[in-house]
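Residues per chain, in single letters:
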Amino acid sequence: ATPQTMAIDSTSISTVRDVEYFFDAPSSIFDIDSANFAVTQINKGATKVTDKLDLWIDGKKINTLDVQLNGDEYKRVNITFPQLTSGKHVLMLTSEAQPDFATYHEINVVKGVFNQQKTWLVDKSSTGKVTQPNNVIP
């Protein structure tokens, strides 16, 4: 099939099928932040489409979306990420109407607090003055 192009909010997305779904998600987030992602639903065909989308993170279902698109219509749905642990995670979308369709997105969750683990010397006097070690490299 020949890829088709449809203008969406001054951007262009190429599609192969009449009905497709895309993620708009960050590639990296902090574990202490609340983050969102979006699912764009596109129907370039002339007939109305109904579908059910399942959203997965690391093989665990997190949400289900009911899709109803008229001909030549697109929609965008915003969803909040659940709390994720540090590391890489795979976001996946599957379609009930198109069982051979799936789209993926990898997201890296990084620690929002960085522990520097620096060592400081405190002199023996009662003032508790912090001093640098003799071998410190500025």
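Scope of this entry: the structure provided in the associated data block.

What counts, and at which threshold
Residues numbered from 1 in each chain as written. Predicted model: local features only at pLDDT ≥ 70, side-chain atom pairs only at ≥ 80, totals over all residues. Heavy atoms only, no water. Pairing = 2+ DSSP bridges. Helix = DSSP H or I, 4+ residues; strand = E, 2+ residues; numbered from the N terminus. Axes fitted to C-alpha atoms, helices over the stretch in contact; angles between N-to-C directions. Patch = residues over 30% accessible without salt bridge, like charges linked within 9 Å, V, L, I, M, F, W, Y side chains within 5 Å. Areas by Shrake-Rupley, 256 points an atom, 1.4 Å probe, with all protein chains shown as cover. Salt bridge = Lys/Arg side-chain N within 4 Å of Asp/Glu carboxyl O. Contact = heavy atoms within 4.5 Å. Buried < 20%, exposed > 50% of the residue type's maximum accessible area, 1.4 Å probe, protein only.

1. Re the sheet that holds strand 5 (residues 36-43)
Now for step 1: The antiparallel open sheet is built from 3 strands, whose spatial order is 3-5-8. Because the sheet does not close on itself, it has two edges, and the strands there are strand 3 (19-24) and strand 8 (73-80). The sheet shows a mean angle of 15° between the axes of neighbouring strands, taken without regard to direction.
Now for step 2: Of the strand pairs in this sheet, strand 3 and strand 5 are connected by 6 bridges, and their pairing is antiparallel. Bridging across to strand 5, Phe23 finds its partner in Val39.

2. As for a nonpolar patch on the surface
Now for step 1: On the surface, a cluster of nonpolar side chains totalling about 320 Å² of accessible area is made up of Phe30, Ile32 and Val113.
Now for step 2: Position of Phe30 among the secondary structure elements: in strand 4 (residues 28-30).

3. Re the environment of Thr103
Now for step 1: In this fold, Thr103 is placed in strand 10 (residues 102-110).
Now for step 2: Along the backbone, Thr103 and Tyr21 are 82 residues apart, and their C-alpha atoms lie at a distance of 7.6 Å.
Now for step 3: Not counting residues within four places of it along the chain, the set of residues in contact with Thr103 comprises Tyr21, Phe23, Leu91, Met92 and Leu93.

4. Topic: the pattern of salt bridges
Between side chains of opposite charge, a pair can form as their charged atoms come close.
Now for step 1: Throughout the structure, instances matching the rule amount to 4 salt bridges.
Now for step 2: Among the salt bridges present, the one from Asp24 reaches Arg76, with a minimum N-O distance of 2.7 Å. Highlighted residues: Asp24 in strand 3 and Arg76 in strand 8, separated in sequence by 52 residues.
Now for step 3: The class for Asp24 is partly exposed, based on a relative accessible area of 39%.

5. A few points about the environment of Ala25
Now for step 1: Along the polypeptide, Ala25 turns up in the loop between strand 3 and strand 4.
Now for step 2: For Ala25, a relative accessible area of 17% gives the class buried.

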